[in-house]
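Structure assessment
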2 protein chains.
Amino acid sequence: MFFYICSMITELNSKQVEKISKALGDPYRLQIMDMISKRKDFMQCCEVSECFNLAQSTMSHHLKQLVEAELLVAEKEGRNLKFTINREICEAYSRYIARLGF
Amino acid sequence: MFFYICSMITELNSKQVEKISKALGDPYRLQIMDMISKRKDFMQCCEVSECFNLAQSTMSHHLKQLVEAELLVAEKEGRNLKFTINREICEAYSRYIARLGF
DNA sequence: TAAAAACATCGAAATATTTAGATATTTAAA
DNA sequence: TTTAAATATCTAAATATTTCGATGTTTTTA
């Protein structure tokens, strides 16, 4: 006898795909994603900012877009923000794209 | 004795990823990709145009961006253009995204 | 409790994208 | 060979995005 623990597989609708694509369609935001993905744990907002020669408000805006596209998850810790990659959304987006090539 | 016929696996650089993301970050272009991917063979430019309530020049512009991002391959046949999905690029892009979630 | 740190929000300028109409180009059909 | 069909290019307007500086909010530290 088998028991399946079946976690839902996220399926993105086209509005989500559009938003995610738009979020990734900027050199800074793409670099941010790359940087954060290379971390084992998380990355702090101010760390991210230090890597780029952009105003703090600009960086805040870019990070917000990545969070709104659900590519990043932001967790508040005191006066800091910790970012992690949202694996589930990355995988769902990746699957959506892969299916286009069939 | 074994012979490997080893086809190169396409690796995208971040400029390409940015361009592809930008190309996919528009509702019309995303729909175009969806439509063409659902076809077994190819799709003609004028067929694509008929599905949308957009000027011909606008459609031409959208298709051009998808071709320039290499998501679509355009083949000229007489006075028509045939579009097919560029599987290799879709897969390479999909892989790039999947790797972000690791 | 005053100051500083981390981040968000607002307003405005600079820049980029989207769109349509007019026109040009190429190829097929009459 | 004139006309029509399919597509591309150019220009300009409308719209959206990016960026910064100024200022606001929240939390920590002195």
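Here, the structure is the one placed above.
This section reports on the structure supplied with the text. (Residues numbered from 1 in each chain as written. Chains lettered and ligands numbered in written order. Predicted model: local features only at pLDDT ≥ 70, side-chain atom pairs only at ≥ 80, totals over all residues. Heavy atoms only, no water.)

1. Re the protein's contact with DNA strand C
To be explicit about the condition: A molecule or strand has a residue near it when one of that residue's heavy atoms lies within 4 Å. Nitrogen and oxygen atoms within 3.5 Å of one another constitute a polar contact, given that in protein one can donate a hydrogen and the other can accept it, and given that sequence-neighbouring residues count only through two side-chain atoms. Helix and strand definitions here come from DSSP, where helices need a minimum of 4 consecutive H or I residues and strands a minimum of 2 consecutive E residues; each element is numbered from the N-terminal end. The residue classification treats Ala, Val, Leu, Ile, Met, Phe, Trp, Tyr, Cys and Pro as nonpolar and Asp, Glu, Lys and Arg as charged. All others, Gly included, are polar.
Taken together, 22 residues sit near DNA strand C, with S60(A), L81(A), A55(B), T58(B) and H62(B) positioned nearest. Near the protein, within 4 Å, the atoms of DNA strand C are sugar or phosphate in 63% of cases. One nitrogen or oxygen atom from the main chain of C46(A) is found 2.8 Å from a phosphate oxygen belonging to DNA strand C. In this structure, S57(B) approaches DNA strand C through a side-chain N or O atom, which is 3.1 Å from a base oxygen. Those elements that place two or more of their residues in the surface near DNA strand C are helix 3 (45–50), helix 4 (56–68) and strand 3 (80–85) of chain A together with helix 2 (27–37) and helix 4 (56–68) of chain B. Considering every element that reaches the surface near DNA strand C, the biggest residue donor is helix 4 of chain B, with 5 residues. Across the surface near DNA strand C, the residue classes tally to 6 nonpolar, 10 polar and 6 charged.

2. Description of the protein's contact with DNA strand D
Within the structure, DNA strand D sits among 22 residues, and T58(A), H62(A), C46(B), S60(B) and L81(B) are positioned closest to it. Note that a base oxygen of DNA strand D is positioned 3.2 Å from one of the side-chain N or O atoms of S57(A). Within the side chain of S60(B), an N or O atom sits 2.7 Å from a phosphate oxygen of DNA strand D. Put simply, the parts of the chain that give the surface near DNA strand D at least two residues each are helix 2 (27–37) and helix 4 of chain A together with helix 3 (45–50), helix 4 and strand 3 (80–85) of chain B. The element that contributes the greatest number of residues to the surface near DNA strand D is helix 4 of chain A, accounting for 5 residues.

3. Notes on the relation of the copies chain B and chain A
Short version of the rule: Superposing copies: least-squares fit, C-alpha atoms only, residues required to have pLDDT of at least 70 in both. Whether two residues are in contact is decided by their heavy atoms, any of which lying within 4.5 Å being enough.
Laying chain B over chain A is done by rotating through 180° and shifting 0.1 Å along the axis; what remains is an RMSD of 0.3 Å. Overall, the copies show the geometry of a two-fold rotation axis. The overlap is high: 100% of the interface residues of chain B also sit at the interface in chain A, so the same surface is used on both sides.

4. A few points about the nonpolar core
The condition is simple: Residue types Ala, Val, Leu, Ile, Met, Phe, Trp, Tyr and Cys, when buried and joined through side-chain atoms within 4.5 Å, form a set referred to as a nonpolar core. When accessible area is computed with a 1.4 Å probe and restricted to protein chains, residues below 20% of their type maximum are described as buried, those above 50% as exposed, and intermediate ones as partly exposed.
Ranked by internal contacts, the top residues of the largest apolar core, which has 55 residues, are L71(A), Y93(A), L71(B) and Y93(B). Look past the residues within four positions of L71(B) in its chain and what remains in contact with it is I20(B), A23(B), L24(B), M33(B), L66(B), T84(B), I85(B), N86(B), I89(B) and C90(B).

5. Regarding the interface of chain B and chain A
Cut-off, in case you're wondering: Throughout, the accessible surface (probe 1.4 Å) given up by two parts as they are put together, summed over both, is called the buried area. By definition, a salt bridge exists where a carboxyl oxygen of Asp or Glu is found within 4 Å of a side-chain nitrogen of Lys or Arg.
The partner chain A presents 26 residues to the 26 residues of chain B that form the contact. For the pair chain B and chain A, the summed buried area comes to about 2200 Å², and 63% of that belongs to carbon and sulfur atoms. In this structure, the connection of chain B to chain A is made through 0 salt bridges. For the pair chain B and chain A, the number of links is 4 residue pairs in polar contact (both at pLDDT 80 or more). Counting only elements with at least two residues in the side of chain B that touches chain A, the list comes to helix 1 (14–24), helix 2 and helix 5 (87–100) of chain B. Top element by residues in the side of chain B that touches chain A is helix 5 of chain B. It accounts for 9 residues. Class assignment of the residues belonging to the side of chain B that touches chain A gives a composition of 13 nonpolar, 6 polar and 7 charged.

6. Things to note about the sheet that holds strand 1 (residues 43–44) of chain B
Strands belonging to one sheet form pairs held by backbone hydrogen bonds; the direction of such a pair is parallel or antiparallel. Residue and element names in this part refer to chain B. To keep it simple, the criterion reads: Pairing between two strands requires that DSSP report at least two bridges joining them. All axes here are fitted lines through C-alpha atoms, helices being fitted over the stretch that makes contact, and every angle between N-to-C directions spans 0 to 180 degrees.
Read from one edge to the other, the open sheet built from 3 strands follows the order 1-3-2, with strand pairing classed as antiparallel. One side of each edge strand has no neighbouring strand; the edge strands of this open sheet are strand 1 and strand 2 (72–77). Pairing geometry for strand 1 and strand 3, over 2 bridges, is antiparallel. Bridge assignment links Q44 to a residue of strand 3, and that residue is K82. Along the sheet face, helix 4 touches strand 2 and strand 3 and points at about 115° away from the line of strand 2.

7. Comments concerning the packing of aromatic side chains
So the rule is basically this: Pairing of aromatic rings covers Phe, Tyr and Trp, the last through its six-membered ring, and needs centres within 6.5 Å; plane angles under 30 degrees mean stacked, over 60 mean edge-to-face, and all others mean tilted. In our convention, an over-ring charge means Lys NZ or Arg CZ found within 6 Å of a ring centre and within 35 degrees of that ring's normal.
Tallied over the entire structure, the rule returns 3 aromatic pairs over all chains. Plain terms: the ring middles of Y93(A) and Y93(B) are 6.1 Å apart, the flat faces sit at 75° to each other, and that makes the pair edge-to-face. Linking Y93(A) in helix 5 (residues 87–100) with Y93(B) in helix 5, this pair reaches from one chain into another. For the pair Y93(A) and Y93(B), a shared accessibility class is recorded, and that class is buried. Between Y28(B) and F52(B), the ring centres sit 5.9 Å apart and the planes meet at 85°, which makes this aromatic pair edge-to-face. Residue Y28(B) is located in helix 2, and its partner F52(B) is located in the loop between helix 3 and helix 4; the two are separated by 24 residues in the primary sequence. Between R87(A) and the ring centre of F102(B), over which it is positioned, the NZ or CZ distance is 5.7 Å.

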